[in-house]
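Below, each chain spelled out in residue letters.
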Amino acid sequence: MVVMVDIHEEKIKIGKKFGASEVLINDSTLDNKLKSISEYGFDIIIDATGLTKICEQLFKYINKNGRIMFFGLCDKEENININPYQIFKNDLTILELFL
């Protein structure tokens, strides 16, 4: 299952065209929608936004033994707050891609 989330309707249409199983607009109902799709979280999450606020939120949607890939590039002066214990306890893998 591939779930795509965006704030732009035109990108949502592209996601549908390329076969995303679920396409969601990032709004105030997103949290409930994601939890209804995958109650225990997702195995793989890819961030392509590079927005620190989004990067921090990914950790509440990842499944145990899951992988998070940061494809979007945050500004070099920005940091994200994560809980190292959550990474350890849930055996998470964090990957990045730099082109």
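Everything discussed here concerns the structure shown above.
In this text the structure is predicted, and so the values were computed from the model without any measurement.

All right, on to the overall build of the protein then. A count of helical and extended segments in the protein gives four helices and five strands. Start at the N end of the protein and walk to the C end: the helices and strands fall as β-α-β-α-β-α-β-α-β. On C-alpha atoms alone, the protein measures out to a radius of gyration of 14 Å, which is about the 13 Å that the 2.2 N^0.38 rule sets for 99 residues. On the principal axes, the C-alpha backbone points of the protein span a range of 35 × 30 × 25 Å. Long-range contacts, defined as pairs at least 24 residues apart, comprise 40% of the intrachain contacts of the protein with a sequence gap of at least 6. With the model as given, the accessible surface of the protein reaches about 7,400 Å², and the carbon-plus-sulfur share is 54%. Charge centroids of the protein, computed over 12 positive and 15 negative side chains, lie 4 Å from each other.

Conventions and cut-offs
Residues numbered from 1 in each chain as written. Predicted model: local features only at pLDDT ≥ 70, side-chain atom pairs only at ≥ 80, totals over all residues. Heavy atoms only, no water. Helix = DSSP H or I, 4+ residues; strand = E, 2+ residues; numbered from the N terminus. Rg over C-alpha atoms; globule rule 2.2 N^0.38 Å. Contact = heavy atoms within 4.5 Å. Areas by Shrake-Rupley, 256 points an atom, 1.4 Å probe, with all protein chains shown as cover. Lys, Arg positive; Asp, Glu negative; His and termini not counted. Charge placed at Lys NZ, Arg CZ, Asp CG, Glu CD.

Everything listed here is a matter of geometry and, on its own, says nothing about what the molecule does.
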